[in-house]
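Residue strings, one per chain:
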Amino acid sequence: MIKFLDLHKINARFDTPFQDEFKDFLDSGHYILGKGVTQFEADFLVYCGTKYAIGVSNGLDALSLIFKGYLELGVLKKGDEVLVPANTYIASIIALVNSGLKPVFVEPNSSTYNIEPLAMEEHITTKTKAVLVVHLYGQLCNMKAIDYLCKTHSLLCIEDAAQAHGAEDDLGVKAGNLGDAAAFSFYPSKNLGALGDAGAITTNNEALAQVIKQLRNYGTSSKYVNDRIGVNARLDEIQARFLSIKLKALDADNSARRQVAKHYLQGIANPKVTLPYYDGAKDHVFHLFVVLVEERKKFVRYLNDNGVETGVHYPIPPHQQQALKTFSHLDLPITEKIHERCVSLPISPVMDAADVDKIIDLVNAY
Ligand SMILES: Cc1ncc(COP(=O)(O)O)c(C=O)c1O
């Protein structure tokens, strides 16, 4: 069976440095917010090109802390509207709802599946104060158009970069440094994945960075001094140490992912299968390789019967989830079509070329 994602194979490459790091961690006796978190934050801000990086517990908390930070600073207030792609992973929406902000669902571009700037413009009202863009499947949104929109309408631009570690625009600016603040997830399956839950926030805004640093640790400004009502959303020390090791391999891993994607794009030619849009640049790090097919169940069963695991990202759009039933009246045909038809083919930095060839042949024979 070709696995959808072989996490053991991905991480086995770091066996020795992980074991050494764990020994150092164990011997340090310092298990919360120690030198591992400080080091990873220093490494990650350099990688992203931002002034600040704050390690947190996961991607959802990273998003929530950005919004909580802006609320604390008085830059946002409860009830403000935030534009968000309708076809995102539900975490983006949950972060807004839990922060007392109003998500305004915007349709994606029908070829890139990323939020469509023209559609965003139609949803801007006097209550719109921010946009939450999601670089879905690893591909950067149309940031030039979004930047223009944000400047014209004085909107904050928050990036959900959970799927786009290392993606960069034509000037070499990376995801995480393309807006006012960005949230990353290091969930194990991500391009930069921990061995458990982890996340980070990047920003160039000093005031926001300081507030978030307090908020992630009970609102603490110094030991046992609490300036704000915060949460416990600290990045775990051992995960930080593992992440610093894996960060060194991220660019090579992203190149390997792009290679797999290029093979698929060159090799797959089946009118029943719509391939993802890719312009050939480093603006895509192929967290996922998502194709559209009309009869998804049949296609998934066919591949599975022939020894290939697949994924679906995601089967139900957020506005049709029971948890978000207040949005169920929305009519979002592009989003709904993507969710009905999407299938994720295996992609990772450790895939065998023979497996990629086998999948191409199978898809073409479907
Ligand atoms: C687009 C997006 N946003 C947010 C998250 C939330 O990250 P986490 O699972 O680390 O909370 C994820 C990850 O699953 C994601 O894909």
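All residue numbers here refer to positions counted from 1 along the written sequence of the relevant chain. Restriction of local features to residues with pLDDT of at least 70 applies here, the model being predicted, together with a cutoff of 80 or more for giving and counting side-chain atom pairs; totals for whole chains, interfaces and linings are based on all residues. Hydrogens and waters are ignored; side-chain quantities use all the structure's heavy atoms.

### Considering the domain arrangement of the protein
What the domain assignment reports for the protein is domain 1 (7-105 + 113-247) and domain 2 (250-365). Boundaries between domains were set according to an automatic or database domain assignment. Domain 1 and domain 2 are separated by 24 Å when their C-alpha centres are compared. By definition, the buried area sums, over both parts, the 1.4 Å-probe accessible area that each loses when the two are put together. The largest share of the area that domain 1 buries against domain 2 comes from Y113, Y137 and N191, three residues that together contribute 26% of it. The term salt bridge refers to a pairing of a side-chain nitrogen on Lys or Arg with a carboxyl oxygen on Asp or Glu at a separation within 4 Å. Inspection of the domain 1/domain 2 interface yields 2 salt bridges. In this structure, D352 and K9 form a salt bridge, with 3.4 Å as the shortest nitrogen-oxygen distance. Under the rule applied, a polar contact is a pair of N or O atoms within 3.5 Å (in protein, one hydrogen donor and one hydrogen acceptor; residues adjacent in sequence only if both atoms are side-chain atoms). There are 20 residue pairs in polar contact (both at pLDDT 80 or more) connecting domain 1 and domain 2. Segments assigned H or I by DSSP are reported as helices when at least four residues long, segments assigned E as strands when at least two residues long, and all are numbered from the N terminus. The element that contributes the greatest number of residues to the side of domain 1 that touches domain 2 is helix α5 (residues 90-98), accounting for 3 residues. Residues that form the side of domain 1 that touches domain 2 fall into these classes: 16 nonpolar, 9 polar and 6 charged. Amino acids outside the nonpolar list (Ala, Val, Leu, Ile, Met, Phe, Trp, Tyr, Cys, Pro) and the charged list (Asp, Glu, Lys, Arg) are all regarded as polar, and Gly is one of them.

### A look at the UniProt feature "modified residue: N6-(pyridoxal phosphate)lysine" (unreviewed entry) in the protein
The positions UniProt marks with the feature "modified residue: N6-(pyridoxal phosphate)lysine" (unreviewed entry) are K190. Structurally, K190 can be placed in the loop between β6 (181-185) and β7 (199-203). What makes K190 buried here is its relative accessible area of 14%. Apart from residues no more than four positions distant in its own chain, K190 is found in contact with A162, Q163, H165, S185, R257 and H287. UniProt positions are given in the numbering used here, feature names are shortened, and annotations may be inferred rather than shown by experiment. Whether a residue is buried, partly exposed or exposed follows from its accessible area with a 1.4 Å probe, protein chains only, as a fraction of its type maximum: under 20%, in between, or over 50%, in that order. Residue contacts are defined here by distance: any two heavy atoms, one from each residue, within 4.5 Å place the two residues in contact.

### A look at the sheet that holds strand β11 (residues 289-293)
Two strands make a pair as long as DSSP finds a minimum of two bridges between them. Strand order in this open sheet of 3 strands is β10-β11-β12, and the pairing throughout is antiparallel. The open sheet is flanked by β10 (273-274) and β12 (342-345), the only strands paired with a single partner. Across 2 bridges, β10 lies against β11 in antiparallel orientation. The residue of β11 that forms the bridge with T274 is L292. Seen against the sheet, helix α12 (residues 333-341) touches β11 and β12 and runs at an angle of roughly 50° to β12. Working convention: axes come from line fits to C-alpha atoms, limited for helices to the stretch in contact. Angles between N-to-C directions cover 0 to 180 degrees.

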